[in-house]
Amino acid sequence: MNSEMSREQCRQCGRPAVVHRLYSGELLCEQCFQLSIVNAVREAISKWNMLQRTDRIAVAFSGGKDSTVLLSILVEIQQKFPDSEVLAITLDEGIAANRERIDTLNETTRRLGVEHVVSSYEELFSLSVDEIAERAHATQSSLSSCAYCGTLRRQGLNIVARQVRADKLALGHNLDDEVQSMLMNVLSGDLPRLARSTPVQEGVRHWLIPRIKPLYHIPEQDVALYASYLDLPIHRARCPYAEESLRTEIREWLNAFESRHPGSKFNLTATMGKIISSLPSQPPELIHKCRNCGEPTSGEVCGACLCREELGFSKGGSQERGRR
Ligand code: SF4
Ligand code: ZN
């Protein structure tokens, strides 16, 4: 809030405004702002038919602002749907510098009263991100630790969501994440992946859990402000392996453009959505069983097994664990 805004009133209720949304011109007090975010999530769920009344929803919970906001809003919404369930699932990547993180996350789930299931790259893939970083450096891999870590996370979340018998896996991707991904796919000419940039990704019953992104229409700065009003701890420590990437460049460019032309991010997602829906329908991705570990993959070998092979880890860990 700035001093100018302290004299302004919320357009909804007349209380002092704390937020001026440049992209919509709205002036809102704290309560009306929070309500607007919860309502935006409800609308996204309804518009994209993300949830059914009896769904068991596993929220991918890293403890950062996005997943904490998502978890807290889904817990609030779930209260009106007593036949549904919300739980949190976390993957411990095995980063020694972030060892305290799980305690923070346990505190949040305890306060929200939700079940918290923690698994780890070590349990699932017999490796840690600390080891990946070391091997990637030693083998002078062209891929970053983040590229390997992201592949393992996608697969690991699916495995854990399946283990906890979730019907849906909810991800905390916000509007900024989505616009960045779309632009990255445009820049790399990856049309099939662009066509899959949707708020709901279908699954395969009992094997590939459907993924939903209820924060799809909420800008990152709104998520950050909402998080600041929550009485919950947020894990903010930076991963030691986080690095500058194409995404960082696009993020900075988009933020600068948005500040000069408010509403650009919304316009970009809306335009991309129209382009995606006018594309000739893409054949559904064929999903096979990985020949090493049995996990779903569009190729013969899944991403996690390819990571292990590339970095020179034996096939055993992934293979044996995957077949249990
Ligand atoms: Fe993994 Fe990269 Fe995120 Fe670190 S910053 S947790 S290595 S994806
Ligand atoms: Zn595999």
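Draft legend 1. Inspection of the site of ligand 1 at higher detail. The environment of ligand 1 is formed by V129, C146, C149, R153, C239, Y241 and A242. Per-element tally for the shell around ligand 1: the top contributor is helix α7 (residues 145-163), with three residues. Considering only residue class, the shell around ligand 1 consists of six nonpolar, no polar and one charged.

Draft legend 2. Highlighting the nonpolar core. Formed by 38 residues in total, the largest nonpolar core has its most connected members in L71, I73, L74 and Y226. Residue assignment for this core shows that the elements contributing at least two residues are α2 (30-47), β3 (56-60), α3 (65-78), β4 (85-92) and α10 (220-229). Here this core gathers at least three residues from each of two domains, domain 1 (1-46) and domain 2 (48-320). If we ignore the near neighbours within four places in the chain, the residues touching Y226 are F33, Q34, I37, V38, V69, S72, I73 and E76. If you look at the next biggest cluster of nonpolar residues, it comprises 34 residues, including L157, C290, C302 and C307.

Draft legend 3. Summary view of the side chain of H235. Considering the arrangement of structural elements, one finds H235 in the loop between α10 and α11 (246-260). The exposure class assigned to H235 is buried, which follows from its relative accessible area of 18%. Filtering out sequence-adjacent residues up to four positions away, H235 remains in contact with S62, G63, G64, N98 and R101.

Draft legend 4. Broad picture of the pairing of β4. Within β4, six of the eight residues are buried, leaving the element largely enclosed by the surrounding structure. One ladder, built from five bridges, connects β3 with β4; its direction is parallel. Note on β4: the bridge partner recorded for I57 is V86. Between the parallel pair β3 and β4, the chain is carried across by α3, and the sense of this crossover is right-handed. Of the pairings in the sheet, the one linking β4 to strand β5 (residues 116-120) comprises five bridges and is parallel in character. Among the inter-strand pairings, I89 is bridged to a residue of β5, identified as V117. Considered for its hand, the β-α-β crossover made up of β4, helix α4 (residues 101-112) and β5 is right-handed.

Cut-off values and rules
Residues numbered from 1 in each chain as written. Chains lettered and ligands numbered in written order. Predicted model: local features only at pLDDT ≥ 70, side-chain atom pairs only at ≥ 80, totals over all residues. Heavy atoms only, no water. Near = heavy atom within 4 Å. Helix = DSSP H or I, 4+ residues; strand = E, 2+ residues; numbered from the N terminus. Nonpolar A, V, L, I, M, F, W, Y, C, P; charged D, E, K, R; others polar. Core = buried A, V, L, I, M, F, W, Y, C linked by side-chain atoms within 4.5 Å. Buried < 20%, exposed > 50% of the residue type's maximum accessible area, 1.4 Å probe, protein only. Domains from an automatic or database assignment. Contact = heavy atoms within 4.5 Å. Pairing = 2+ DSSP bridges. Right-handed = clockwise from strand over helix to strand, strands pointing away.

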